[in-house]
Amino acid sequence: AGRALAGGTVALVGTQTIGCPMTAALDQWVTDVVQPAALARFGQPVTEVKSMGSYSCRSMNNQGVRISEHGFGNAIDIGGFVLLDGREITFVRDWTRGGERDKAFLREVQAGACGIFTTVLAPGSDSFHYNHMHIDLAAHGAA
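Residues numbered from 1 in each chain as written. Predicted model: local features only at pLDDT ≥ 70, side-chain atom pairs only at ≥ 80, totals over all residues. Heavy atoms only, no water.

A. Representation of the overall build of the protein chain in the model. What the protein chain contains, in helices and strands, is three helices and seven strands. Taking all contacts inside the protein chain whose residues are at least 6 apart in sequence as the whole, residues at least 24 apart take part in 56%. Element-wise, carbon and sulfur atoms account for 54% of the exposed surface of the protein chain, whose accessible area totals about 6800 Å². (Helix = DSSP H or I, 4+ residues; strand = E, 2+ residues; numbered from the N terminus. Contact = heavy atoms within 4.5 Å. Areas by Shrake-Rupley, 256 points an atom, 1.4 Å probe, with all protein chains shown as cover.)

B. Seen up close, the nonpolar core. Among the nonpolar cores identified, the biggest contains 33 residues, and W29, V46, F81, F105, F117 and I135 are the most heavily contacted of them. Among the secondary structure elements, those contributing two or more residues to this core are β2 (10-13), α1 (20-42), β3 (46-53), β4 (75-83), α2 (91-97), α3 (100-113) and β7 (133-136). Those residues in contact with F117, other than ones at most four positions away along the chain, are M22, A25, L26, W29, I135, D136 and L137. (Core = buried A, V, L, I, M, F, W, Y, C linked by side-chain atoms within 4.5 Å. Buried < 20%, exposed > 50% of the residue type's maximum accessible area, 1.4 Å probe, protein only.)

C. Main features of the pairing of β7. Here β7 shows a buried face lined by M133 and I135 and a second buried face lined by H134 and D136. As paired elements, β4 and β7 share four bridges and run antiparallel to each other. Within β7, the residue paired with I76 across the bridge is I135. Across three bridges, strand β6 (residues 119-121) lies against β7 in antiparallel orientation. Counterpart to L121 in the pairing with β7 is H134. (Pairing = 2+ DSSP bridges.)

D. The environment of L84, seen in detail. Topologically, L84 is positioned in the loop between β4 and β5 (88-90). The exposed category is assigned to L84, whose relative accessible area is 57%. With 38 residues separating them along the chain, L84 and V46 place their C-alpha atoms 5.9 Å apart. Discounting chain neighbours no more than four positions away, the residues touching L84 are Q44, P45 and T47.

E. Here's a closer look at the packing of α1 against α3. At a minimum axis distance of 10 Å, the contact between α1 and α3 shows a crossing angle of 160 degrees. Relative to α3, α1 is oriented roughly antiparallel. The two elements α1 and α3 meet at a crossing, and its hand is right-handed. Contacts from W29, V33, V34, A37, A38, R41 and F42 of α1 reach α3 at R101, D102, A104, F105, E108, V109, G112 and A113. (Axes fitted to C-alpha atoms, helices over the stretch in contact; angles between N-to-C directions. Parallel < 35°, antiparallel > 145°, perpendicular 65-115°, else oblique. Left-handed = near helix turned anticlockwise from the far one by under 90°.)

F. Broad picture of the packing of aromatic side chains. Scanning the model with the defined rule gives six aromatic pairs in all. Taking the centre distance of 6.0 Å and the plane angle of 55 degrees together, the rings of W29 and F81 count as tilted. Note that W29 is positioned in helix α1 and F81 in strand β4, a separation of 52 residues in sequence. No difference in accessibility class separates W29 from F81, as the two residues are buried. Both rings, one in F81 and one in F91, keep their centres 6.3 Å apart while their planes meet at 55 degrees; by these two values the pair is tilted. You can see F81 sitting in strand β4 and its partner F91 sitting in helix α2, a full ten residues away along the chain. Grouping residues by exposure puts F81 and F91 together as buried. Ring-pair connections join several aromatic residues into one group, and the members of that group are W29, F42, F81, F91, W95, F105 and F117. (Phe/Tyr/Trp six-rings, centres within 6.5 Å; stacked < 30°, edge-to-face > 60°.)

Limitation: the analysis is restricted to geometry and does not speak to function.
If you want it as structure tokens, here you go:
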């Protein structure tokens, strides 16, 4: 199943079950952060966001602690991006081993996500996020 973002110009590929606020935030991030970064770094837009999953009724990191934001349709895991020319930029490969432009692009989209989402976990956050970026809209600290 797929979904379109940025006015239908960017495919969101993977199994997506996310709520309306998350969809709106994701669309804002792609339009305001991802596309400008791709155009600036590569001279071409992103045409596809590679999701590694969204809705899953499970505990955080499957550790049995508390229900993950994935259990509320409030989170998504991004594995990478596909550019117009078909080139893929992935967190697992390019976060540490990519070329300078690839690394700079991933760090820029990750930093930009911090202004939109309440949680952004990228490679280096912990052992569970080595191959993707987790973003969510959790109400952290709320009663």
